[in-house]
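# Coordinates in review
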Amino acid sequence: MEQGSSNFIEDIIDKDIEAGCDKIVTRFPPEPNGYLHIGHAKSLCINFGMKSKYGGECNLRYDDTNPCKEDQEYVDSIKRDIAWLGFKWDRELYASDYFDRMYECAVGLIMKGLAYVCDYSADEIRATRGTLTAPGQNSPWRERTVSENLRLFDEMKRGLYADGEKVLRAKIDMASPNMNMRDPVIYRILHETHHRTGDKWVIYPMYDFAHPLEDAFEGITHSICTLEFEDHRPLYDWVKTNCGFGDFPKQIEFARLNITRTIMSKRFLKKLVDEGKVSGWSDPRMPTLSGMRERGYPPEAIRNFCAAVGVTKANSEVDVAYLEHFVRDHLNNTADRVMVVKDPIEMIIEDMEGGELCRVENNPNAETVTYRDVILGRRIYIDRADFAPVPPPKYKRLVPGGTVRLKGAYIVEYVSHECDDAGNVTRVVCRRIPDSKSGGANAGIKVKGVIQWVNADDCVDIELHEYDYLLLDGEGDFNDRLTPDSHRIFAGAKGEACLADAKPYDRFQFMRMGYFSAAGSYGEGDRSFNMITGLKDSYAK
RNA sequence: AGGGGUAUCGCCAAGCGGUAAGGCAUCAGACUUUGACUCUGAUAUGCGUAGGUUCGAAUCCUGCUACCCCUGCCA
């Protein structure tokens, strides 16, 4: 593991260690109300990174304090995605496991005179909260006695009140410039069935009350979250202190990940799923971890990307090309190459009789290079883009009168070609240059271009998926932000038959066009299946 | 005079008073049985802005400006 310069969170932890904090414990606390996406990967990498850097622990904790939005399907997916990314949590926990202890803490606050039952409706609370520039007003129930609060809170718990009839509020300061401190609601009544505790509870703690307690109960030392919670830190500390905990846990905030053209709002992603715009949370076009897995992203690439992006408090938007760089980087060293012909035209090698075995490297960049045998017959297919009757400037592949190397096989020279009525090339006839195969006497002859080919008799059809992201641009309603590209994909134009030299795989995953294509004038879109394209079984079934 | 944050190359990002790392992207070459990979070289007299302190400032001080977050019984 790389351990370059440290980030600001590590600086804080280093100081805490110097001051005597001997074991670092972090946690990844998703609410199970959706699938994890690439943005969560950053948080995962940070939290689990602390575990590996400091030899501490990192817990997986489902923050399931709102029964209205949570579901078992989500906890299953979260677990699966974290494991796929390559992280191992120390303990798997649920906020709902602490409901009893949290209730006791709330009672403790009441007894200290630091919490009260308020009969205001949600609207009334909003109306008396004040504004960003004006202080709020005290609730008329703010000075209820401890015993009355205790009785009322117990009645809330026993289900004597309807949803919204009463709440428990922390008694802090209605004039605080920090809105979060204006007597925040810490318990609300919700007659909902919880996905784990069932109907045991009808009151549920709010995030601001629950989270510091969850952290404290677990012995979390550093509670790492995103920037929008900075304003909540005073409340986090208030709860922590008044419930009897010390310096730790300590909340630290970092800037969430943004990637160009990539929507990472759960709300939007859920809408896509609910409206059937995609096949589900795992649709390969989704920026969810499971969608990326379906699409063939190596988890290592995602981890390397997160490490490279760094941890700061500056709002930023990382170019999606940076993510793609790490995908190429990883695949370049690990992926087996396969020759693929996307738009086939026939090539006849007129001086060939039967088939001849050719040895092709699976991955020239592997530590130990392996080979596969491919038969070169008299009749093969090459890609339409690899022969140009009228070559554009700087064209390096086959042209009338020219030569080209068939990857892993012979150099062939042009003899003739045929076109259909529309002028499209239908067949190219060539002749081998003798002994030009690897190891042959003429193998050293220089040719400008090397092209892929598949043997006509034993190549296989494969289904090519050229998924693109869900591309989103501009402002306005989500549906207006889908680009024409996305619509095209939504229309179902995603599969295309191709021919490959390899045996049929259960499943082919193709990275975005251009990952392994040539750069430059004949790059993307033209030679996109330039040798590497297939990612076979890049994830466990 | 609401509060809390952030500002270093097109995009990330180091730097923490001693004279602007690195990566991505881009451009130019070399190499190549993937126009890939790899390799070379180029790319901020400048660190939001205006002043100040200092022998010396992206780093310290002051004033501005821009952007982000906060008025859920969501997390």
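In short, a report on the structure. (Residues numbered from 1 in each chain as written. Chains lettered and ligands numbered in written order. Predicted model: local features only at pLDDT ≥ 70, side-chain atom pairs only at ≥ 80, totals over all residues. Heavy atoms only, no water.)

### What to know about the overall build of chain A
Filter applied, for reference: Put simply, DSSP marks the helices as runs of H or I at least four residues long and the strands as runs of E at least two long, and each gets a number from the N terminus on. Any pair of residues with heavy atoms lying within 4.5 Å of one another is described as a contacting pair. Computed by Shrake-Rupley with a 1.4 Å probe, the accessible areas treat only the displayed protein chains as cover when residues are assessed.
In terms of regular secondary structure, chain A is built from 13 helices and 23 strands. Across chain A, the fraction of contacts at a sequence separation of at least 24, relative to all contacts at a separation of at least 6, is 72%. With the model as given, the accessible surface of chain A reaches about 24,100 Å², and the carbon-plus-sulfur share is 48%.

### A word on the state of the cysteines
The bond known as a disulfide is covalent and runs between the sulfur atoms of two cysteines. Under the convention used in this document: Criterion for a disulfide: a pair of cysteine sulfur atoms at a distance within 2.5 Å.
Applying the stated criterion across every chain, the model contains zero disulfides. The thiol sulfur of Cys-430 is not disulfide-bonded, and the nearest other cysteine sulfur, from Cys-419, lies at 14 Å.

### Brief notes about the sheet that holds strand S3 (residues 92-94)
Selection rule: Two strands are counted as paired when DSSP detects at least two bridges linking them. Axis lines are fitted to C-alpha atoms, over the contacting stretch for helices. Their N-to-C directions set the angle, which ranges from 0 to 180 degrees.
Taken in spatial order, the three strands make up an open sheet running S1-S2-S3, and their pairing is parallel. On the outer flanks of this sheet lie strand S1 (25-28) and S3, each paired with one strand and no other. Strand-to-strand twist of the sheet, defined as the mean angle between neighbouring strand axes without regard to direction, takes the value 35 degrees. The strands touched by helix H3 (residues 72-85) within the sheet are S1, strand S2 (57-62) and S3, with S2 carrying the most contacts at an inclination of about 155 degrees. Across the face of the sheet, helix H7 (residues 207-218) comes into contact with S1, S2 and S3 while running at roughly 140 degrees to S2.

### Some points on the pairing of strand S8 (residues 222-226)
Where we set the bar: Burial classes follow relative accessibility: with a 1.4 Å probe on protein chains only, a residue under 20% of its type's maximum area counts as buried, one over 50% as exposed, and anything between as partly exposed. Note on handedness: a clockwise path from strand one over the helix to strand two, with the strands aimed away from the viewer, defines a right-handed crossover.
Burial of S8 is extensive: five of the five residues sit out of reach of the surface. Of the two faces of S8, the one lined by His-222, Ile-224 and Thr-226 and the one lined by Ser-223 and Cys-225 are each fully buried. In the sheet, S8 pairs with strand S9 (residues 250-254) via five bridges, with the strands oriented parallel. When the bridges of S9 are listed, Thr-226 appears paired with Phe-254. After leaving S8, the chain enters helix H8 (residues 233-242) and then returns to the sheet as S9, a path that is right-handed.

### Let's talk about the pattern of salt bridges
Rules: Note on definitions: salt bridges are taken to be side-chain nitrogens of Lys or Arg within 4 Å of carboxyl oxygens of Asp or Glu.
Counted by the stated rule, this structure contains 36 salt bridges. Close ionic contact of Glu-57 with Lys-23 constitutes a salt bridge, the shortest N to O distance being 2.8 Å. Here Glu-57, found in strand S2, pairs with Lys-23, found in the loop between helix H1 (8-18) and S1; they are 34 residues apart in sequence, far enough to count as distant. Its relative accessible area of 40% is what places Lys-23 among the partly exposed residues. In this structure, Arg-432 engages Asp-351 in a salt bridge whose closest nitrogen and oxygen atoms are separated by 3.4 Å.

### A few points about unusual backbone geometry
Glycine aside, residues mostly have negative phi, and peptide bonds are mostly found in the trans state. Each neighbour pair has its own omega, and for Phe-248 with Pro-249 the value is 0 degrees, a cis peptide bond. Examined against the element boundaries, Pro-249 turns out to sit in the loop between H8 and S9. Located in the positive-phi region is Asp-183, a residue other than glycine, with phi close to 45 degrees. When its relative accessible area of 1% is taken as the criterion, Asp-183 is described as buried. With a phi angle near 55 degrees, Asp-435 is a residue other than glycine that sits in the positive phi range. Position of Asp-435 relative to the elements: it lies in the loop between strand S17 (425-432) and strand S18 (450-451).

### Re the nonpolar core
Basically, it comes down to this: Side-chain atoms within 4.5 Å are what join buried Ala, Val, Leu, Ile, Met, Phe, Trp, Tyr and Cys residues into a set we call a nonpolar core.
Within the largest apolar cluster, 36 residues are counted, with the highest numbers of intra-cluster contacts made by Met-102, Phe-153, Leu-168, Tyr-187, Ile-203 and Phe-209. Those elements that provide at least two residues to this core are helix H4 (99-111), strand S4 (115-118), helix H6 (146-157), strand S5 (167-170), strand S6 (185-189), strand S7 (203-205), H7 and H8. Element by element, the count of residues in this core is highest for H4, at eight residues. Counting 34 residues, the second-largest nonpolar core is a separate cluster that includes Ile-38, Cys-45, Trp-84 and Ala-301.

### Describing the sheet that holds S5
As summarised here, the arrangement of the four strands in space is S4-S5-S6-S7, forming an open sheet in which the pairing is antiparallel. Each of the sheet's edge strands pairs with one partner strand only, and the pair in question is S4 and S7. Averaged over neighbouring strand pairs, the angle between their axes works out to 20 degrees when direction is ignored. Where S6 and S7 come together, three bridges link them in antiparallel fashion. Across the sheet, the residue bridging to Tyr-187 is Pro-205, located in S7. Packing against the sheet, H6 makes contact with S4, S5, S6 and S7, and its axis sits at approximately 60 degrees to S4.

### Some remarks on helix H11 (residues 299-309)
Going by this rule: By definition, the arc is the one covered by directions from the helix axis to the C-beta atoms.
Taken together, the buried positions of H11 are Pro-299, Ala-301, Ile-302, Phe-305 and Cys-306. Summarising the axial view, the buried residues of H11 lie within an arc of 160 degrees, below the 170-degree limit, and thus occupy one face. Where H11 is buried, its residues meet helix H2 (38-54), H3, helix H10 (289-295) and helix H12 (320-334). Backbone geometry just downstream of H11 places Gly-310 in the positive-phi region, at approximately 80 degrees.

### Considerations on H7
Our working definition: One less than the residue count of a helix, multiplied by 1.5 Å, gives the span that helix is expected to have.
Compared with an ideal rise of 1.5 Å per residue, which puts twelve residues at 16 Å, H7 spans 16 Å between its outermost C-alpha atoms and is within 8% of the ideal. Most of H7 is tucked away, with eleven of its twelve residues classed as buried. Asp-208, Phe-209, Ala-210, His-211, Pro-212, Leu-213, Glu-214, Asp-215, Ala-216, Phe-217 and Glu-218 are the residues of H7 that are buried. Where H7 terminates, the next one or two residues include Gly-219, which has phi positive at roughly 75 degrees.

### Some points on the packing of H1 against H2
Our working definition: An angle counts as roughly parallel when it lies under 35 degrees, as roughly antiparallel when it exceeds 145, as roughly perpendicular when it falls between 65 and 115, and as oblique in every other case. Each crossing gets its handedness from the near helix: less than a right angle anticlockwise from the far helix is left-handed, clockwise is right-handed. Each residue gets one label: Ala, Val, Leu, Ile, Met, Phe, Trp, Tyr, Cys and Pro are nonpolar, Asp, Glu, Lys and Arg are charged, and the others, such as Gly, are polar.
Viewed as axis vectors pointing N to C, H1 and H2 meet at an angle of 40 degrees, and their least axial separation amounts to 12 Å. Our classification of the angle between H1 and H2 gives oblique. The way H1 lies across H2 gives a crossing that is right-handed. Facing Ile-9, Glu-10, Ile-13, Asp-14 and Ile-17 of H1, the residues of H2 in contact are Ile-46, Met-50, Lys-53 and Tyr-54. Within the contact of H1 with H2, the residues separate by chemical class into six nonpolar, no polar and three charged.

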